[in-house]
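# Descriptive analysis of the structure
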Amino acid sequence: EVFAATSADVSERPSRNTRSKWAPVVGSGGIAPPPVSSPAPVTPGRVGIRCKHCAHLPRSSKANGAVSYPYSIRLMNQAVRNWHRYHFGICKEIPQSVKDRYDELKA
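The numbering scheme is per chain: residues are counted from 1 as the chain's sequence reads. Totals for whole chains, interfaces and linings use every residue, but because this is a predicted model, local features are given only for residues with pLDDT of at least 70 and side-chain atom pairs only at 80 or more, for both listing and counting. To get the side-chain values, all heavy atoms of the structure are used, and hydrogens and water are removed first.

Further remarks concern the pattern of salt bridges. A side-chain nitrogen of Lys or Arg and a carboxyl oxygen of Asp or Glu constitute a salt bridge if their distance falls within 4 Å. The final tally for this structure, using the stated rule, is four salt bridges. The shortest N-O distance in the salt bridge between R50 and D9 comes to 3.4 Å. Of this pair, R50 sits in strand β2 (residues 47-50) while D9 sits in helix α1 (residues 7-12), and the two are 41 residues apart along the sequence. In this structure, E104 and R101 form a salt bridge, with 3.1 Å as the shortest nitrogen-oxygen distance. Here E104 and its partner R101 are both found in helix α3 (residues 96-106), three residues apart, which amounts to about one turn of the helix. When accessible area is computed with a 1.4 Å probe and restricted to protein chains, residues below 20% of their type maximum are described as buried, those above 50% as exposed, and intermediate ones as partly exposed. The exposure class assigned to E104 is exposed, which follows from its relative accessible area of 53%. Residue R101 is classed as partly exposed on the basis of its relative accessible area of 45%. In this description a helix means any DSSP run of H or I spanning at least four residues, a strand means any run of E spanning at least two, and both kinds are numbered starting from the N terminus.

Geometry only, nothing functional implied.
Right, here's the structure in full:
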């Protein structure tokens, strides 16, 4: 879902000096996502995308790639692609029926 960051979203983010959740390895392929999210501090009102299925979980319980704050609106498409590539398959909160329907449509 597309959303505007709230104070709670901002306080949940790690500081810039905290090691990225993506480092050093993502999944079994050791692939890190392209850098579309800003390293700049996120402030309330900043537009981002997040998985609507695991948004209710604390950050530590979410699968990688659950939330992204693209540098600009023009990079939103890339952020969605990254979400699909790195989060969709590993999120335990997305119902299996949704994943099955995606597979049907993809075929």
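Once the structure has been displayed, the description carries forward.
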